[in-house]
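Given next are the chains, with one letter for each unit.
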Amino acid sequence: MADKVNIRELALDILLRVTRDGEYSHTAIAGVLEKYQYLDKRDRAFLTRLTESTLENLIQINYVIDQFSKVPVRKMKPVIRCIIQSSVCQMRFMESVPDAAACNEAVRLARKKGFASLSGFVNGVLRSISRGGADIRLPDAKKQPEAYLSVRYSIPEWMIRMWQEEFGWSMERPEERIQMEELMQAFASPAPLTVRVNTQRCQSEELVRLLAAQGVTAVRLDAFADALVLTGVDHLRALPAFTEGLFYVQDTSSMLVAQEAAPQEGEFVLDVCAAPGGKAVHIAQLLHGTGHVLARDLTTAKITLLEENIRRCQVTNMQAQLWDATVFDEALQEKADLVIADLPCSGLGVMRRKKDIRYNMTPEKIRELAALQRRMLSVVCRYVKPGGRMIYSTCTVSRQENEDNTAWFLKERQDFSLLGSRQILPMEGGGDGFYIARLQKIPIQSTV
């Protein structure tokens with residue numbers, strides 16, 4: 001059955017769902033891989049690489065196409081646009097695919113999708129790019145540094161200018177130009193598959209052996225206790241070690257939230273935006289079966305996901321509950337020893353995993369998200385008991401959502417103090433871009 005499936009056609013479907021219909025890339029890819037589980041490992045890898053690489057390099061791909069096409073990319077029909085984009089990706093970023101094969105398959109796909117009249121146009125553009133590919137020049141790195149970085153790494157120029165301003169980096173200073181390019185390179189680097197060992201069920205050494213028996217290589221990370229990097233994974237959910245809850249897929253930066261929170265046995269912990277549950281499950285496991293973790297989120301779909309992970313990881317001291325973090329729950333006022341406020345954000349820190357974020361985010365959306373985070377912080381801080389702690393975290397690299405919001409909160413709530421904060425950049429330690437602020441509610445002073 002598998003040999004009847006056109007992998008490039010599946011890739012086209014994913015790209016249309018993402019670029020035309022607005023679906024998230026990681027969910028679109030996962031959905032197709034789940035539907036076509038019978039595909040062999042090679043086809044699954046090619047499909048994933050083709051779709052992710054096309055999205056990751058889309059600005060550069062469009063820059064190249066516009067140099068050789070009389071019709072600008074933005075004016076092409078969606079199906080034709082995606083066929084040409086994925087074909088240019090194969091020609092420029094996938095060395096194992098001959099240019100001729102990419103061109104021929106694109107023409108066949110255009111005809112199959114009912115665009116026979118445009119198959120000559122597709123062939124002409126791609127053949128021109130193939131012949132002239134060696135002569136393509138990106139914007140001048142010295143004269144147009146922002147444009148160069150934007151095209152070279154497919155990052156919108158407004159985002160580059162935002163980071164220049166936020167970090168105080170100038171393209172006129174060589175060392176700061178290098179720092180900016182290192183940031184771009186980090187976002188373009190492959191994201192490792194990191195997992196956290198469920199130490200309530202097994203130890204790292206045992207899991208490494210079990211995974212090896214299941215055809216997966218696991219390597220321990222020295223800087224993170226009970227963290228492994230997996231390679232050789234074909235279909236994650238088919239691994240017995242996964243279905244039995246022996247590990248949880250989680251980036252190392254995300255693991256730092258529980259580490260920074262340092263939960264103590266017997267504490268009551270409230271995670272206000274918990275889905276899918278990685279941080280809450282981690283904290284529940286660090287409590288060693290004591291205390292209680294109440295994991296809340298906004299929709300029934302997210303609660304279902306939380307409950308699935310609770311069951312899979314066999315966590316006994318954690319509960320999922322439907323609740324809007326912008327609505328105050330009087331029953332929990334000053335009841336929590338620890339509040340985890342990992343709030344909705346722009347997600348710029350995870351662009352190497354979710355390739356389409358860079359194209360969907362705007363400065364206006366960042367401002368809206370920062371305002372939403374302030375609303376949530378104003379509510380959820382009221383759950384912290386005197387002397388208790390709150391972790392404010394995001395998976396983004398945006399001062400408005402991170403440092404500025406922390407400063408605003410401390411000004412608004414002078415009954416809280418800052419224990420420490422850190423902006424993690426993706427080139428630091430190999431994890432995602434992340435922000436973590438540790439806050440404490442000032443204890444009530446005794447008069448005795």
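Scroll up for the structure.
Quick notes on the rules
Residues numbered from 1 in each chain as written. Predicted model: local features only at pLDDT ≥ 70, side-chain atom pairs only at ≥ 80, totals over all residues. Heavy atoms only, no water. Buried < 20%, exposed > 50% of the residue type's maximum accessible area, 1.4 Å probe, protein only. Helix = DSSP H or I, 4+ residues; strand = E, 2+ residues; numbered from the N terminus. Arc of directions from axis to C-beta. Contact = heavy atoms within 4.5 Å. Core = buried A, V, L, I, M, F, W, Y, C linked by side-chain atoms within 4.5 Å. Pairing = 2+ DSSP bridges. Axes fitted to C-alpha atoms, helices over the stretch in contact; angles between N-to-C directions. Salt bridge = Lys/Arg side-chain N within 4 Å of Asp/Glu carboxyl O. Lys, Arg positive; Asp, Glu negative; His and termini not counted. Polar contact = N/O pair within 3.5 Å; in protein donor to acceptor, adjacent residues only side chain to side chain.

1. Points about helix H2 (residues 25-35)
The periodicity of an α-helix, 3.6 residues per turn, causes residues three or four places apart in sequence to face the same way.
Logical step 1: Every buried residue belonging to H2 is among Ser25, Ala28, Ile29, Val32 and Leu33, and all of these are buried. Buried positions in H2, seen along its axis, are confined to an arc of 125° and lie on one side of it.
Logical step 2: Residues of H2 that are buried in the fold lie against helix H1 (7-19) and helix H3 (41-56).

2. Points about the nonpolar core
Logical step 1: Counting residues in hydrophobic clusters, the biggest one holds 44 residues, and the most contacted among them are Ile65 and Ile84.
Logical step 2: Counting residues per element, the ones that place at least two in this core are H1, H2, H3, helix H4 (58-68), helix H5 (78-93), helix H6 (99-112) and helix H7 (119-132).
Logical step 3: Contacts of Ile84, omitting those with residues within four sequence positions, involve Ile65, Met76, Phe121, Val122, Val125 and Leu126.
Logical step 4: One finds Tyr248, Met255, Leu338 and Ile436 within the second-largest nonpolar core, a separate group that totals 30 residues.

3. Digging into the sheet that holds strand E11 (residues 434-441)
Logical step 1: Spatially, E7-E6-E5-E8-E9-E11-E10 is the arrangement adopted by the seven strands of the open sheet, whose pairing is mixed. Edge positions in the sheet fall to strand E7 (318-322) and strand E10 (416-424), since each of these pairs with one other strand and no more. Within this sheet the neighbouring strands show an average axis-to-axis angle of 15°, counted without direction.
Logical step 2: Relative to strand E9 (residues 384-394), strand E8 (residues 336-342) runs parallel, the two sharing six bridges. When the sheet's bridge partners are listed, Ile340 is paired in E9 with Ile391.
Logical step 3: Seen against the sheet, helix H13 (residues 252-261) touches E8, E9, E10 and E11 and runs at an angle of roughly 15° to E11.
Logical step 4: Running at roughly 180° to E10, helix H18 (residues 403-412) makes contact with E9, E10 and E11 of the sheet.

4. Description of the pattern of salt bridges
Logical step 1: Applying the stated rule across the entire model yields 25 salt bridges.
Logical step 2: Here Arg389 makes a salt bridge to Glu267, at a shortest N to O gap of 2.7 Å. With Arg389 in strand E9 and Glu267 in the loop between H13 and strand E5 (268-271), this pair connects stretches of sequence that are 122 residues apart. An identical accessibility class is assigned to Arg389 and Glu267; each is buried.
Logical step 3: Where Arg367 meets Glu364, a salt bridge forms, and the shortest distance between an N and an O atom there is 3.5 Å. Of this pair, Arg367 and Glu364 are both found in helix H17 (residues 363-380), three residues apart, which corresponds to roughly one turn of the helix.

5. Observations concerning the side chain of Glu401
Logical step 1: Relative to the helices and strands, Glu401 resides in the loop between E9 and H18.
Logical step 2: No salt bridge forms around the buried Glu401; measuring N to O, its nearest opposite-charge neighbour Arg374 is 11 Å away.
Logical step 3: A distance of 3.1 Å separates polar atoms of two side chains, one belonging to Glu401 and the other to Ser398.
Logical step 4: Every residue in contact with Glu401, bar those within four places of it in the chain, is listed here: Cys345, Ser346, Ile366, Leu369, Ala370, Gln373, Tyr392, Thr394 and Thr396.

6. Observations regarding helix H14 (residues 278-286)
Logical step 1: In terms of burial, H14 is a largely internal element, eight of the nine residues being buried.
Logical step 2: Among all positions of H14, only Gly278, Lys279, Ala280, Val281, His282, Ile283, Ala284 and Gln285 are buried.
Logical step 3: Where H14 ends, the next residue or the one after it, His288, has phi of about 55°, a positive value.

7. With respect to the side chain of Glu56
Logical step 1: With respect to the element layout, Glu56 can be found in helix H3.
Logical step 2: Overall, Glu56 belongs to the buried group, its relative accessible area being 13%.
Logical step 3: Among the polar contacts listed, one links the side chain of Glu56 to the side chain of Lys355, at a separation of 3.4 Å.
Logical step 4: Sequence-distant contacts of Glu56, defined by excluding residues within four places in its chain, comprise Tyr153, Ser154, Phe187, Ala188, Lys355, Arg358 and Tyr359.

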